[in-house]
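Below, each chain spelled out in residue letters.
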Amino acid sequence: MRIAVVGTGYVGLVTGTCFAEVGIDVTCIDIDEKKIENLKKGILPIYEPGLEEMVVRNAQKERLTFSTDLAGSIQGCGCEAAFIAVGTPPGEDGSADLKYVLAVAREIGRHMTDYLVVVTKSTVPVGTARKVRQAISEELEARGVDIPFDVASNPEFLKEGAAIEDFLKPDRIVVGVSSEQAEKVMNKLYKPFLMNGHPLIVMDIPSAEMTKYAANAMLATKISFMNDIANLCEIMGADVNMVRKGIGSDARIGNKFIYPGIGYGGSCFPKDVKALIKTAAENGYQMRVLQSVEEVNDRQKEVMYDKVHRHFNGELAGKTFAIWGLSFKPKTDDMREAPSLVIIEKLLEQGAKVRAYDPVAMKEARHMLGDTIEYGKDEYEALIDADALLLVTEWPEFRSPNFNVVSKLMKEKVVFDGRNIYDAVEMSEKGFCYYGIGVKKQL
Ligand code: NAD
């Protein structure tokens, strides 16, 4: 089988590489010439564990190729499906901006020569498949040709940081189709990924499009709910770590995704929650739960800064803060909407100095923050003469640091733990003034 994947970001590159891994011939396409040039040399635009090795291996076997030429990748070469995996960033009003998706659809329409299943893998609102179909039809009409094609929706559920594992062994694959032929192609493509017995769920296209938003909205809701509970725990003198264990053991609730923290970030939850609220509003419905989810999250991104501000009685000017972790979550270099950005901005506004360390996101951080902050060459260097440590992203290497070294390097032994990875009592025994989320402050 041969397919084309348009867009070589987190989703497109992982999708293309994993399809190649199971023996499908894949061309990954991007408009960014530099990205494609680098990918041809085995240099990846993103960090994702295990991806580089897999890209190189499949490229060597010539199952995975990179190109800027979409036309050449779908014309007369037996290409059966073209996946659209370009970005759908939020527009000014919060709705998903479809200009990249529709630009690709039009280009496909301008160049396709044989039957093709055009698959939207990008997260797109209900009704987008109709627009994609229309864009392609208009181009075919302009060319005066009548080439059959189908549009399918195949939302992606991978998690950055575990994307390959998620793609190769998915909990489920959701496919929205409106023809038997498209269903057949999608079944054939995904058969190798269903060996672990997990289902390929076939549904109508609008339901598939909605499924992705509902999934992300539910996950964001769990996070905001737990953060709200954590904040109340703090006020009432309860320990959210205990409460989490207490409720997570109820099978109806489950123990996943109920960890409190400093708010969700990344390129998906914030924009997808916004887009769903907007879709509803455009259709005369108000998503009250999600409005609150968003509000709680915006507030939660400031919770750590507020604790810092209170601890130092607002006197932050000239103080140095060490930040461990910049990416929006561990095992990725993605800093889009990361809570670290909110905290750093607020500290800098107050005239504080920030020295940060992140295992992989510092290149991206330099790109976004430039020299407004300093960068440690490792987690310990970031601590030198710091007035406090702010643990922002729970990278595994931060879980068990040498606290004797930490104590010696810091000016003040104050730790703000935004992910509750340290034990409050142990920290206190080690002589740290410790602040967690939803737990009692330990002096
Ligand atoms: P990204 O920004 O990392 O990558 C998008 C890529 O598309 C870029 O390389 C860009 O150059 C390319 N592109 C833009 N216009 C193009 C065009 N006309 N032709 C060819 N290439 C073009 O985006 P991403 O994080 O991979 O997300 C892609 C989509 O998948 C979004 O809709 C997102 O919501 C969804 N999604 C993302 C994740 C995630 O974890 N990142 C998970 C599931 C779904």
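Residues numbered from 1 in each chain as written. Predicted model: local features only at pLDDT ≥ 70, side-chain atom pairs only at ≥ 80, totals over all residues.

As recorded by an unreviewed UniProt entry, the protein chain carries the name UDP-glucose 6-dehydrogenase and is attributed to Pontibacter oryzae. The record held by UniProt for the protein chain lists under Sequence similarities (unreviewed entry) the comment "Belongs to the UDP-glucose/GDP-mannose dehydrogenase family." According to the UniProt record, the Pathway (unreviewed entry) comment for the protein chain reads "Nucleotide-sugar biosynthesis; UDP-alpha-D-glucuronate biosynthesis; UDP-alpha-D-glucuronate from UDP-alpha-D-glucose: step 1/1." (UniProt positions renumbered as here; feature names shortened; annotations may be inferred.)

Undergrad: How do you make sense of the UniProt feature "binding site: NAD(+)" (unreviewed entry) in the protein chain when you look at a structure like this?
TA: Sites flagged by UniProt as "binding site: NAD(+)" (unreviewed entry) map to Asp30, Lys35, Thr88, Thr123, Glu160, Lys271 and Arg336. For this annotated set, covering 307 residues, the C-alpha atoms extend up to 24.4 Å from each other, a dispersed arrangement in space. Within the element layout of this structure, aspartate 30 appears in the loop between strand 2 (25-29) and helix 2 (33-40). By the C-beta count within 10 Å, which is 23 here, aspartate 30 ends up buried. Setting aside anything within four residues of it in sequence, one finds aspartate 30 in contact with Gly7, Thr8, Lys35, Ile36 and Thr68. Along the chain, the position of threonine 123 falls in the loop between strand 5 (116-120) and helix 6 (128-143). When near neighbours in sequence (up to four residues on either side) are disregarded, threonine 123 contacts Thr88, Pro155, Lys212, Cys268 and Asp272. (Helix = DSSP H or I, 4+ residues; strand = E, 2+ residues; numbered from the N terminus. Buried ≥ 20, exposed ≤ 12 C-beta atoms within 10 Å, placed from the backbone. Contact = placed C-beta atoms within 7 Å.)

Undergrad: Which parts of the structure should I look at to understand the site of the ligand?
TA: In the vicinity of the ligand, 26 residues are found, and the nearest of them are Gly7, Gly9, Val11, Ser122 and Thr123. Contributions of two or more residues to the shell around the ligand are made by helix 1 (10-21) and helix 5 (99-111). Tallied by class, residues from the shell around the ligand come to 12 nonpolar, 9 polar and 5 charged. (Near = placed C-beta within 6 Å. Nonpolar A, V, L, I, M, F, W, Y, C, P; charged D, E, K, R; others polar.)

Undergrad: Before we go on, may I ask you to explain the nonpolar core in this structure?
TA: Judged by nonpolar contacts, the single largest core of 125 residues is most densely connected at Val6, Ala82, Ile84, Val118, Ile323, Leu389 and Leu390. Per element, the largest residue contribution to this core is 10 residues, and it comes from helix 9 (residues 205-236). Dropping the residues within four chain positions of it, valine 118 is found in contact with Ala82, Ile84, Ala105, Ile108, Val132, Ile136, Phe149 and Val151. (Core = buried A, V, L, I, M, F, W, Y, C linked by C-beta atoms within 7 Å.)

Undergrad: Help me out: how do you make sense of the UniProt feature "binding site: substrate" (unreviewed entry) in the protein chain in this one?
TA: Per the UniProt record, "binding site: substrate" (unreviewed entry) is found at Phe157, Leu158, Lys159, Glu160, Lys212, Phe257, Ile258, Tyr259, Pro260, Gly261, Gly265 and Lys329. These residues run over 173 residues, and the two farthest C-alpha atoms among them are 23.5 Å apart, placing them at more than one spot. Examined against the element boundaries, phenylalanine 157 turns out to sit in the loop between strand 6 (149-153) and helix 7 (163-168). In contact with phenylalanine 157, other than residues within four places in its own chain, are Asp166, Pro170 and Ala215. In this fold, lysine 159 is placed in the loop between strand 6 and helix 7. Given 16 C-beta atoms within a 10 Å radius, lysine 159 is considered partly exposed.

Undergrad: Sorry, what's going on with unusual backbone geometry here?
TA: Most peptide bonds take the trans configuration, and most residues that are not glycine carry a negative phi. Although it is not a glycine, glutamate 337 sits at a positive phi angle of roughly 55°. By the secondary structure assignment, glutamate 337 is in the loop between strand 9 (320-324) and helix 14 (339-349). Positive phi is not limited to glycine here, since asparagine 420 has a value of about 50°. Summarising the element assignment, asparagine 420 is placed in the loop between strand 13 (414-417) and helix 17 (424-429).

Undergrad: Looking at this model, I keep getting lost on the environment of valine 11. Mind explaining?
TA: Its location among the elements puts valine 11 in helix 1. Sequence-wise, valine 11 and asparagine 38 are 27 residues apart; in three dimensions their C-alpha atoms are separated by 17 Å. Excluding residues that lie within four positions of it along the chain, valine 11 makes contacts with Ala85, Lys121, Glu156 and Leu158.

Undergrad: What's the story with the pairing of strand 6 in this structure? I'm lost.
TA: On a regular strand, each side chain points to the face opposite its neighbour's, so the side chains alternate between the two faces of the sheet. Buried residues dominate strand 6, accounting for 5 of its 5 residues. Judged by which residues are buried, strand 6 turns out to be covered on both faces: Phe149, Val151 and Ser153 on one side and Asp150 and Ala152 on the other are all buried. With 5 bridges connecting them, strand 5 and strand 6 associate as parallel partners. Across the sheet, the residue bridging to leucine 116 is phenylalanine 149, located in strand 6. For the crossover that starts at strand 5, traverses helix 6 and ends in the parallel strand 6, the hand is right-handed. (Pairing = 2+ DSSP bridges. Right-handed = clockwise from strand over helix to strand, strands pointing away.)

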